Amino acid sequence: MVRDRISWQQYFMMQALVISQRSTCDRALVGSVLVKDKRMIATGYNGSVTGEPHCDDEGHLMVDGHCVRTIHSEMNALIQCAKNGISTEGCAIYVTHFPCFNCTKALVQAGIVEVNYYYDYRDNPLVMALLSDKHIKVQKINIDRKYLHNLEKKLRDMKTRVLLFVFVLWISLCFTSVSAVASGPIKVSDKLIERINHKNKCYAKTPLKIRLTLISMPSQHSEQVQKVKNNQVLILLMDNDLRIKVGSKMQKILSVSKCNAIILYVSKYLRSNDKIKQNQGLEKAVNAIYTIIDQEYNLPFDSSDLTSKEMDKILHPQRNNLIWTVVVVVIFSFIITYTQRRRFSL
């Protein structure tokens, strides 16, 4: 199937329309394109002399009802050719607005053989008479709306892709956040304190004599926390914020990534307004640390240790996150595609 391509005339006129957006005089945004052998050799738009104030900045300089601050787009295109030593003999010009008499005289002198315009603008009979006398072809170019429609669709599709990329990035960041800020201060249960004391006695028999410490204090007193010892794992509760600090000899067992994964996993519990769920989250964090240590030293598991399935959810959350990300992206893409198809079919 052969695609319906835009014609050369509409192609060059659309270029002129784009160029007109560089104009600095809002009385008329005019753009021009000089074409020779289907090649653009120069462009121009109405604007002030280089280095001089623009109408957009200083306002219009009106004389006899005309703004004389700017040079017309046709003149600027011809001047560009003159500066660069490019011949305009036999060229066609595509200009957004019907040219004025002075510009027409310059075009005739420059050897222009065809004038194409888009808007009727103060059509001067003297201009038509001069062009007819010099046998210069004049025609008004109408741009097929379907090409503008296609261009708008391409721009909309590009915008959709950008929005989709930003959305996916946002979803990924949400899933990978390691913030564990609770909705309020967490009260540590006596049961959890007893478990920590019990496990510390068991770990005293290991080569590293590992010790887990749980400290709860206001954030303004955080400077009172001493440096973590080599064999120590410190769970720090400051108001409603959970942090895990690990001694140098424990970092191989409890790496930064593992600690962040634990914090990420329990954050959904800590953000709850339910004090019971907050304590459950804190217990899961402690149990996850104990499970990792028990696995490392092949210590007997007790009832509080987490199963391999639970540990996999904690240490490898990206597996579940990836599935949900793909599902969300597919649904989002379907909604956008369906909406656009309905809009274009109306």
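Report follows, based on the coordinates. Every chain begins its residue count from 1, and numbering advances along the sequence as written. Under the rules for a predicted model, residues below a pLDDT of 70 receive no local features and side-chain atom pairs below 80 are neither given nor counted, while totals for whole chains, interfaces and linings still include all residues. Derived side-chain values reflect all non-hydrogen atoms in the structure, with water molecules and hydrogen atoms excluded from consideration.

### Remarks on the sheet that holds strand S11 (residues 232–238)
Step number 1: Ordered in space as S10-S11-S12, the three strands form an open sheet in which the pairing is mixed. Looking along the sheet, the strands with just one partner apiece sit at the ends: strand S10 (211–217) and strand S12 (241–246). Between one strand axis and the next, the sheet turns through 15 degrees on average, direction left out of account.
Step number 2: Residue contacts follow a heavy-atom distance rule, with two residues in contact if any of their heavy atoms lie within 4.5 Å. For every element, the axis is a line fit to its C-alpha atoms; helices are fit only across the contacting stretch, and the angle between N-to-C directions ranges from 0 to 180 degrees. Only runs of H or I of at least four residues qualify as helices and only runs of E of at least two qualify as strands under DSSP, and these elements are numbered from the N terminus. Seen against the sheet, helix H9 (residues 275–297) touches S10, S11 and S12 and runs at an angle of roughly 170 degrees to S11. The pairing criterion for strands is at least two bridges between them, as found by DSSP.

### Observations regarding the environment of Arg 39
Step number 1: Tracing the chain through its elements places Arg 39 in strand S2 (residues 39–45).
Step number 2: The exposure class assigned to Arg 39 is exposed, which follows from its relative accessible area of 54%.
Step number 3: Taking the C-alpha atoms as reference points, Arg 39 and Cys 91, separated by 52 residues in sequence, lie 9.8 Å from one another.
Step number 4: Dropping the residues within four chain positions of it, Arg 39 is found in contact with Trp 8, Phe 12 and Leu 34. Think of it in three bands: with a 1.4 Å probe and only protein chains considered, a residue is buried below 20% of the maximum accessible area for its type, exposed above 50%, and partly exposed in between.

### Some words on the pattern of salt bridges
Step number 1: Salt bridge, as used here, is a side-chain nitrogen of Lys or Arg placed within 4 Å of a carboxyl oxygen of Asp or Glu. Applying the stated criterion across every chain yields a total of four salt bridges.
Step number 2: The salt bridge partner of Arg 195 is Asp 305, with a shortest N-O separation of 3.5 Å. One end of the pair, Arg 195, is in helix H7 (residues 190–203); the other, Asp 305, is in the loop between H9 and helix H10 (308–315), and 110 residues separate them in sequence.
Step number 3: What makes Asp 305 buried here is its relative accessible area of 8%.

### Concerning helix H4 (residues 101–109)
Step number 1: Among all positions of H4, only Cys 103, Thr 104, Ala 106, Leu 107 and Val 108 are buried.
Step number 2: At its buried positions, H4 is contacted by helix H3 (73–84), strand S7 (92–97) and helix H5 (125–133).
Step number 3: At the C-terminal side of H4, Gly 111 shows a positive phi close to 90 degrees.

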